[in-house]
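Coordinate inspection notes
Each chain is listed here by its residues.
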Amino acid sequence: MPSTYITTTIPYVNARPHLGFALELVQADVLARYRRSIGEDVRFQAGTDDNSLKNVLAAEAAGVGVQEFVDASAAAFTGLARPLSLSVDDVIRTSSDPRHAAGVERLRRACAASGDLYRKHYEGLYCVGCEQFYTAAELEGGRCPDHGTVPERVSEENWFFRLSRYAGQLRALIADGAIRVEPAGRRNEVLGLIDGGLEDFSASRSTERARGWGIPVPGDPGQVIYVWWDALGNYLTAPEYAVGGENLSRWWTGAARRIHLLGKGVLRFHAVYWPAMLLSAGEALPTDIVVHGYLTENGRKISKSSGATVDPHDLAGHYGVDAVRWWLLREVARGADADFTVDRLVSRANDELANGFGNLVNRVVTMIHRYRGGRVPAATATPPAAAALGQAITDAPGQVAGALEDFDFRRGTEAV
Ligand SMILES: [Zn+2]
């Protein structure tokens, strides 16, 4: 039986989960449920990214210890499984799961053995909100394009990963579809990034700047593994890369598909940095990188910092999980941004779930009882209208399958 490994990104837990992340979870869940239904051996993997500096700062602001803070915050994310009806198989938390640090250390050793890690003095502009360096040209008026904050100037010696070495290999893998990036516009974006030149990136930071939080670089106590390096590693550490046993071969090395779902803002990390790290370590690569857009709410950007966002937990509690899942799948075009309003959710739920599916089922059952003694009769000669309906019913499963193979959830709902 072919096995399929499906992952969501692991969010920072410095704020409550928002509806945009619920979109990714629900998409992954639909893929997982569908692929199980056609007989595949599926693992739906999720987790939380606990080791970022943002979490340290948020804990300080809240006046609690970092581990205590991330434990409480992570619960808000892992606690989405029930209200969103997610068939998640495993959750890894990067600060506390024993599989993780040991796996990250093995990954680092493997890359070091390939000669891809070296020390270098570095100066750059760092946005803590993004947990990444920016060049002056990437800033808008000297500020982070995402957060609008002035990045801090960082000057220190770090470990660097030799990304530049893998540019040609990565380009070929993505151009020929060995790593499939969907939608195609995102694949072109990645090819553009590679063609623009890949620079080696920082794979650690000083323990001082990390405030002592994170996974120490083995043999170098002054450095902590850079949070992106550590976070990307979760896809491999969760199936027990540290041990290298049956779980690793079932869910990674020997899996027929390794599918990552992610938002457009972290494309570079998943489609460039991560495959390069795997090439360096000599491990199997993701087969599919599926990129979704961002949600706005009432036309406004969802901002974790503003706090004024729709809580998916509350939304499911109030309108029901079917209404929330249906809206996310039904109205968000493949890979595109979408605007959420409660009115749209309610009208989709009323028009399509209640008046459409609900009413259909109700009337059919009632008529079978009233006119056919409660038994579904054998099919007889079919009038033309029924023939069209019969054809639609026959065609729907194939259309759903095709839509989901294209990661087009909206087209899947249209077939239904
Ligand atoms: Zn930023």
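Going along each chain's sequence as written, the residues are numbered from 1 onward. Only residues with pLDDT of at least 70 get local features here, since the model is predicted, and only at 80 or more are side-chain atom pairs given and counted; chain-wide, interface and lining totals rely on the full set of residues. Remark: hydrogens and water are excluded; side-chain values derive from all non-hydrogen atoms of the structure.

1. Section: the layout of surface pockets
- The definitions used throughout rest on a 1 Å grid laid over the protein atoms alone, on which a cavity is an enclosed set of points accommodating a 1.4 Å probe that cannot get out and a pocket is an open set flanked by protein within 12 Å on both sides along at least five of seven lines; lining residues are those having an atom within 4 Å of a point. Grid points are joined across faces, edges and corners, and a volume is the space filled by probe spheres set on the points. Looking at the second largest pocket, its volume works out to about 580 Å³.
- Along the walls of the second largest pocket sit 25 residues, with Phe133, Thr135, Glu199, Arg268 and Tyr273 positioned nearest its centre.
- By the criteria applied, helices consist of DSSP H or I runs no shorter than four residues and strands consist of E runs no shorter than two, each listed in order from the N terminus. Of all the secondary-structure elements, those providing two or more residues to the lining of the second largest pocket are strand E4 (117-127), strand E5 (132-134), helix H6 (184-195), strand E8 (201-202) and helix H10 (267-281).

2. Section: the packing of aromatic side chains
- Aromatic rings from Phe, Tyr and Trp, taking only the six-membered ring of Trp, are treated as a pair when their centres fall within 6.5 Å; an angle between ring planes under 30 degrees marks them as stacked, one over 60 as edge-to-face, and anything in between as tilted. One pass over the full model with this rule turns up 16 aromatic pairs.
- Residues Tyr5 and Trp252 carry aromatic rings whose centres are separated by 5.8 Å and whose planes lie at 85° to one another, so their mutual orientation is edge-to-face. Of the two residues, Tyr5 is situated in strand E1 (residues 3-7) and Trp252 in helix H9 (residues 246-253); the sequence distance between them amounts to 247 residues. No difference in accessibility class separates Tyr5 from Trp252, as the two residues are buried.
- A centroid spacing of 5.7 Å and a plane angle of 85° characterise the contact between Trp326 and Phe357, whose relative ring orientation is edge-to-face. You can see Trp326 sitting in helix H12 (residues 321-331) and its partner Phe357 sitting in helix H13 (residues 342-372), a full 31 residues away along the chain.
- The rings of Phe161, Tyr166, Phe201, Trp228, Trp229, Phe269 and Tyr273 are connected pair by pair, giving a single aromatic cluster.
- By the criterion adopted, a ring carries a charge over it if an Arg CZ or a Lys NZ lies within 6 Å of its centre and within 35 degrees of its normal. Against the face of Trp159 rests Arg108, its NZ or CZ located 4.7 Å from the ring centre.
- When the ring centre of Tyr126 is taken as reference, the NZ or CZ atom of Arg209 above it lies at 4.8 Å. Exposure classes here rest on a 1.4 Å probe applied to the protein chains alone. A residue is buried below 20% of its type maximum, exposed above 50%, and partly exposed in between.

3. Points about unusual backbone geometry
- Across the junction of Glu182 and Pro183, the peptide omega takes the value -5°, indicating a cis bond.
- Within the secondary structure, Pro183 sits in the loop between strand E7 (180-182) and H6.
- With a phi close to 65°, Glu240 is a non-glycine residue in the positive phi region.
- Its location among the elements puts Glu240 in the loop between helix H8 (234-237) and H9.
- Given a relative accessible area of 27%, Glu240 falls into the partly exposed group.

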